[in-house]
Amino acid sequence: MRLSLKSVTKYVSDNIGKFHAARLEGLKKIKLRQILKRKNPYLFKAKNIVDAHDLVKTLLDAHLSSQEETMFGEFLEGLAIYICSRVYNGRKSSTEGIDLEFEKENITYIVSIKSGPNWGNSSQVAKMKDDFRKARKTFRSNNAKANVNAINGCCYGQDNQPEKEEYTKLCGQRFWEFISGDAKLYTKIIEPVGHKAKEKNEEFNDSYTQLINNFTVEFSKDFCDKGVINWERLVKFNSAKE
């Protein structure tokens, strides 16, 4: 079936709000002491960050970047499954480690969807390959002659050597074309994804600014002496034996 960009736009407008809501809710749940425990104080000292506000902002931005990448990855996974369902009757897989499965030209494709090409270390890649092996075995137990191809699909980025050991890695344009049949889809979806972005980000930025200010006051009270960061106290909080 030919993909209708109008249907993609409707899917995005119906679902992008969940990402923005999760992003805002995540912001409200952050505690300063939690992120101070998770980050490397030696790095910030080496970078000569001496301003409490700058340190708090750097910590918070690093935390949010990781959190938002995960949240938006979940949205893009849902979008990819929806698009494939419209074109190739794709469906969310119930097989462990597999996100999407569909048939095209007598080939069954099992797809593990990631945000970008640099998504995991060697252990995580090995786990994905093991999931592919188990999934192939499951499919072939039902049909011994089944032609099952494993795909690692990445929603953005490039990998110009897609053929890997035991699977194919399709990134960016290659991935979106693979699940839709449209070589230009990867550029067409950028506008719908921005649905109400200005309005939603203004709401987020208001809460973000308030949080930065509150965290700066809290950090100054607990980890500064007369306006100067007490690095020894901060390192002890982060790393001392309990």
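The notes below deal with the structure included here. (Residues numbered from 1 in each chain as written. Predicted model: local features only at pLDDT ≥ 70, side-chain atom pairs only at ≥ 80, totals over all residues. Heavy atoms only, no water.)

Close contact between helix H1 (residues 5–29) and helix H4 (residues 52–88) brings their axes to 10 Å; oriented N to C, the two are set at 160°. What the angle tells us is that H1 and H4 run roughly antiparallel. When you trace H1 past H4, the crossing you get is right-handed. The segment H1 lies against H4, with Ser7, Val8, Tyr11, Val12, Asn15, Ile16, Phe19, Ala22, Arg23, Gly26 and Leu27 engaging Leu64, Gln67, Glu68, Met71, Phe72, Phe75, Gly78, Leu79, Tyr82, Ile83 and Arg86. Here the contact of H1 with H4 is built from residues that sort into 14 nonpolar, five polar and three charged. (Axes fitted to C-alpha atoms, helices over the stretch in contact; angles between N-to-C directions. Helix = DSSP H or I, 4+ residues; strand = E, 2+ residues; numbered from the N terminus. Parallel < 35°, antiparallel > 145°, perpendicular 65-115°, else oblique. Left-handed = near helix turned anticlockwise from the far one by under 90°. Contact = heavy atoms within 4.5 Å. Nonpolar A, V, L, I, M, F, W, Y, C, P; charged D, E, K, R; others polar.)

Looking at the secondary structure, you find Glu105 in the loop between strand E2 (100–104) and strand E3 (107–114). A relative accessible area of 70% means that Glu105 is categorised as exposed. Glu105 sits eleven residues away from Ser94 along the chain, and the two C-alpha atoms are 22 Å apart. (Buried < 20%, exposed > 50% of the residue type's maximum accessible area, 1.4 Å probe, protein only.)

The residue Glu165 is located in the loop between strand E4 (148–154) and strand E5 (168–171) in this model. Judged by relative accessible area, which is 57%, Glu165 ranks as exposed. In the structure, Glu165 is positioned 44 residues away from Asn121 in sequence and 16 Å away in space, judged by C-alpha atoms.

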